[in-house]
Structure formats: C-alpha cells, structure tokens
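# Observations on the model geometry
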Amino acid sequence: MRIAFYGSSLLSSYWNGAATYYRGILKALAGLGYEITFHEPDAFDRQAHRDIEPPDWARVVVYPATPEGVRDAAGHAAGADVVVKASGVGYADDALLERVMSQAAPHALRVFWDVDAPATLAELGRAPDHPLRRWLPALNLVLTYGGGDAVVDAYRALGAQGCVPIYNALDPDTHYPVSPQDRYASALSFLGNRLPDREARVEEFFLSPAARLPDRAFLLGGSGWDHRRLPANVTHLGHVGTNAHNAFNASPMAVLNISRDTMAATGFSPATRVFEAAGAAACLITDHWDGINAFLAPGTEVLVARDGADVTEIVEELTPERSRAIGAAARARVLADHTYVHRARAAHQSFRRAAHVRRAVAE
C-alpha cells in the first residue's frame, strides 16, 4: 500500500521535535511493506540543518513553502492508498488539510496524525469553526502521538470515527549505547527547544536544581536558549543534531525529560527523548505525568521527580552504579515492549480496522 504523508520534516530535527518519531514509525511501516512518500515544506531553515539524507525506505518530496507549493504537493495525494496529514506541519496547515483530503482517491484511507494532541485539542476548543473540526467526521481515522483515553475520548466527542494512540518508541538501529564523550559529561543533561509552554517547567526541574548545586556540571541542549540567563554551571550547546543524541545521552550521570505543560497535564504522552535515552542505556529522570508506569517502572527503569527539589535530591544521591543499573534496565524494557516495530504493527492494524469499517458503511 502507498502512503502519502504530509508532515513537518523527515530530514531535519531543527525546530522539529517530531523528526525522530516520523523516522521511527515510517521506517518500521516500510518494513511491513508500505511504500511511503513524505512531503515536507522548505520552511524554517530546516533544509540547511538536515540530520539525514533521504533514506532508502521513503521517498521525500521537499516543496516550496508557497501556495503553489502546497497545491502541487497536495496533488500527489490522489495516487495513494493512505493519505496522512500530520499536525504542526508549520506552513499553511489548514489549507494543506483541505487540499490533501479533498484530492485523496475515493478508495484511500484519510488519516489525521496528531503529534501534539493536547495542544491541538485546546486549539479546537477555542475555535468552533476550525477546519479540522469540519473534516473530522469525514476522516477515517485519527492517530495520535499519545494522550491515552483522555485524548481518544476528546476526539470521539468531536466526531472522529476512530482514534488510536501510537506512542513514541525506540528505533534500536538509531539509538543505542556508545562510549561517553567528555564534551557531553555532566551530572545532569537536558535536551529541548525553548518553548513558551515548557519554559516554566525547565526553570523548575532543571535550572533551579542547577542553581542549588553550583559544584555540579549541568548541560543544556536545544535551540532558543541563547539569550536566556543561565546559572554559571549550566553549559548551553545550542541545537544538537540527532547524530549526536547517543553520545549526549550516554555521557552524563543522568538525562532529564521535561514535558510541556499540556503533555504533563494530559499524561500518557512520553516524549521521543524518553525512548532515545533508554535506548542509549542512559539513567533517565522524568517529571511526573500520569501513565509513566505503562512505559517504564519508576525506581528501577526510570527516576520520577515531582518538582525541582526532587531533581536536586536525586542528582545529589545518584551513584555511578545505580545510574548504570537503571539505564540497563530501561534499555531492556524498551527493547522488549516499546520499539517502533511494535508501534508500526499497531498502526497497521488501525489502518485495517478503519478500512473494514469504511467497507461496511459502503455496503
């Protein structure tokens, strides 16, 4: 089956946190026999910051971020068996949704794949005339990056025929243990772009503990922090390409995951960083969110902090031996239960169920 996928970027993680997710799930779907064409706009300087070249498991079409570019790219939807419009493409999202779904072939499954469901649902709640609201009853399926029952129930209430969470996971060919590198050594490292709905939590869970532990080295990776005042013991690296993520995760005593406000409030939305770190056998500290124990066991496979004071205490007490034991246990767990092969199988079954429902309705 042929998939026409419209997303932010497969080739670049620059201001594009969904890149690892796209790569993992689409590579695994290709392994199940799908022929994938990924359409991404030439926007936000991402093409100048590519992490990868076009892979052999997907054809990538980079189109101009212009109305004409959107029109031409959307025209390719007519040749697909599954047409996917992801959230957060970043250029003309509403127009792209209208065009690709209108031009999908009559036999094609029409799918909205939400990589930030809490934010999307909040936007829909503020805009009764939102184009996605109008399209939801006509789409065959909504897939989400996470969110659990709360997100599923919300989408069904808005008229979605079906909604299935397809969570982040690990691609073991991409994220795995490597030798530590001195440039990434620290007591605690955090990788995340500076975003309005995350900054207060970064202050609480990362910057405040750094200020409380001035004799420990802290490492901050991600874009947008250049003009943010940081404690003297925090080193800012700027954008860290995906080809450096294994070393970034394998080198510190611990790696921190900080959810955005909406993700933490909704729960069941583990970030790509969770599985990247576990794949590299890193000792992960995460802020608390509902559902963490469905993915990793607190205390043995991941350390959970409810506030900055918890982070401070964990960093002070963590030993190299415990760090290694937690990292090894996390890696074993994600390899057993949370790879993108697992997720691709779930997506494939969702496609099959949606196609069955569509045929039943047609009859």
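Check the entry above for the structure.
Quick caveat, the model's predicted, so the values are computed rather than measured.

### Side note on the overall build of the protein chain
- When you go through the protein chain residue by residue, the secondary structure sums to 13 helices and 13 strands.
- In summary, the protein chain has a C-alpha radius of gyration of 20 Å against a globular reference of 21 Å for 363 residues, a match within 12%.
- Each of the three principal axes of the protein chain carries a C-alpha extent, and together these read 65 × 40 × 35 Å.
- Within the protein chain, the proportion of its 363 residues that are buried is 57%.
- Taken as a whole, the protein chain presents about 14,700 Å² of accessible surface, with 51% of it coming from carbon and sulfur.
- Side-chain charges in the protein chain split into 35 positive and 41 negative, and the spacing between the mean points of these groups amounts to 4 Å.

### With respect to the sheet that holds strand β13 (residues 303–305)
- Pairing is parallel in the open sheet, where six strands are placed in the order β10-β9-β8-β11-β12-β13. Only two strands of the sheet have a single neighbouring strand rather than two, namely β10 (234–238) and β13. Ignoring which end each strand starts from, the neighbouring axes of this sheet average 25° apart.
- Judged from the three bridges that link them, strand β11 (residues 255–257) and strand β12 (residues 284–287) form a sheet pairing that is parallel. Each residue of the ladder has a partner; that of leucine 256, found in β12, is isoleucine 285.
- Across the face of the sheet, helix α7 (residues 199–212) comes into contact with β8 (188–191), β9 (218–221), β10, β11, β12 and β13 while running at roughly 145° to β9.
- Packing of helix α10 (residues 272–279) onto the sheet brings it into contact with β8, β11 and β12, and relative to β11 it is tilted by some 160°.

### Quick word on the pattern of salt bridges
- Summed over the entire model, instances satisfying the criterion amount to 18 salt bridges.
- Across the pair glutamate 98 and arginine 134 runs a salt bridge whose closest N-O atoms are separated by 3.1 Å. Residue glutamate 98 is located in helix α3 (residues 93–103), and its partner arginine 134 is located in helix α5 (residues 131–135); the two are separated by 36 residues in the primary sequence.
- Classification of arginine 134 by relative accessible area gives exposed; the value is 52%.
- Here glutamate 321 and arginine 324 are joined by a salt bridge, their closest N and O atoms 3.9 Å apart. Placement of the pair is glutamate 321 and arginine 324 together in helix α12 (residues 320–337), with a separation of three residues, close to one helical turn.

### Some points on the layout of surface pockets
- Estimated volume of the largest pocket: approximately 1,200 Å³.
- Along the wall of the largest pocket there are 50 residues; nearest its centre are Gly17, Gly88, Val115, Asp116 and Arg260.
- For the lining of the largest pocket, the secondary-structure elements that each account for two or more residues are β4 (82–86), α3, β5 (109–114), α4 (117–126), β8, β11 and α10.
- The element contributing the most residues to the lining of the largest pocket is α4, with four residues.
- Lining the second largest pocket we find 15 residues, and of these Arg23, Ile52, Asp171, Thr174 and Thr242 sit closest to its centre.
- No other element matches the four residues that helix α1 (residues 19–31) contributes to the lining of the second largest pocket.
- By residue class, the composition of the lining of the second largest pocket is four nonpolar, seven polar and four charged.

### Quick notes on the sheet that holds β5
- One open sheet accounts for seven strands, arranged β3-β2-β1-β4-β5-β6-β7; its pairing is parallel. The sheet terminates laterally at β3 (59–64) and β7 (163–165), the two strands that pair on one side only. Taken over all neighbouring pairs, the strand axes of this sheet differ in orientation by 20° on average, direction set aside.
- Summarising the sheet, β5 and strand β6 (residues 141–144) pair through four bridges and their orientation is parallel. Its bridge partner lying in β6, valine 111 is registered against leucine 141.
- Against the sheet, α3 makes contact with β1 (2–6), β3, β4 and β5, and its axis sits at roughly 170° relative to β4, the strand it touches most.

### Quick notes on the side chain of glutamate 301
- Position of glutamate 301 relative to the elements: it lies in the loop between β12 and β13.
- Judged by its relative accessible area of 13%, glutamate 301 falls in the buried class.
- Within the structure, the side chain of glutamate 301 is placed 2.7 Å from the backbone nitrogen of alanine 297, a separation counted as a polar contact.
- With residues near it in sequence (within four places) discarded, glutamate 301 still touches Leu296, Ile326, Ala329, Ala330 and Arg333.

Reading guide: rules and limits
- Residues numbered from 1 in each chain as written.
- Predicted model: local features only at pLDDT ≥ 70, side-chain atom pairs only at ≥ 80, totals over all residues.
- Heavy atoms only, no water.
- Helix = DSSP H or I, 4+ residues; strand = E, 2+ residues; numbered from the N terminus.
- Rg over C-alpha atoms; globule rule 2.2 N^0.38 Å.
- Buried < 20%, exposed > 50% of the residue type's maximum accessible area, 1.4 Å probe, protein only.
- Areas by Shrake-Rupley, 256 points an atom, 1.4 Å probe, with all protein chains shown as cover.
- Lys, Arg positive; Asp, Glu negative; His and termini not counted.
- Charge placed at Lys NZ, Arg CZ, Asp CG, Glu CD.
- Pairing = 2+ DSSP bridges.
- Axes fitted to C-alpha atoms, helices over the stretch in contact; angles between N-to-C directions.
- Contact = heavy atoms within 4.5 Å.
- Salt bridge = Lys/Arg side-chain N within 4 Å of Asp/Glu carboxyl O.
- 1 Å grid on protein atoms, 1.4 Å probe; cavity = no way out; pocket = protein on both sides within 12 Å on 5 of 7 lines; lining within 4 Å.
- Points joined across faces, edges and corners; volume = space filled by probe spheres on them.
- Nonpolar A, V, L, I, M, F, W, Y, C, P; charged D, E, K, R; others polar.
- Polar contact = N/O pair within 3.5 Å; in protein donor to acceptor, adjacent residues only side chain to side chain.

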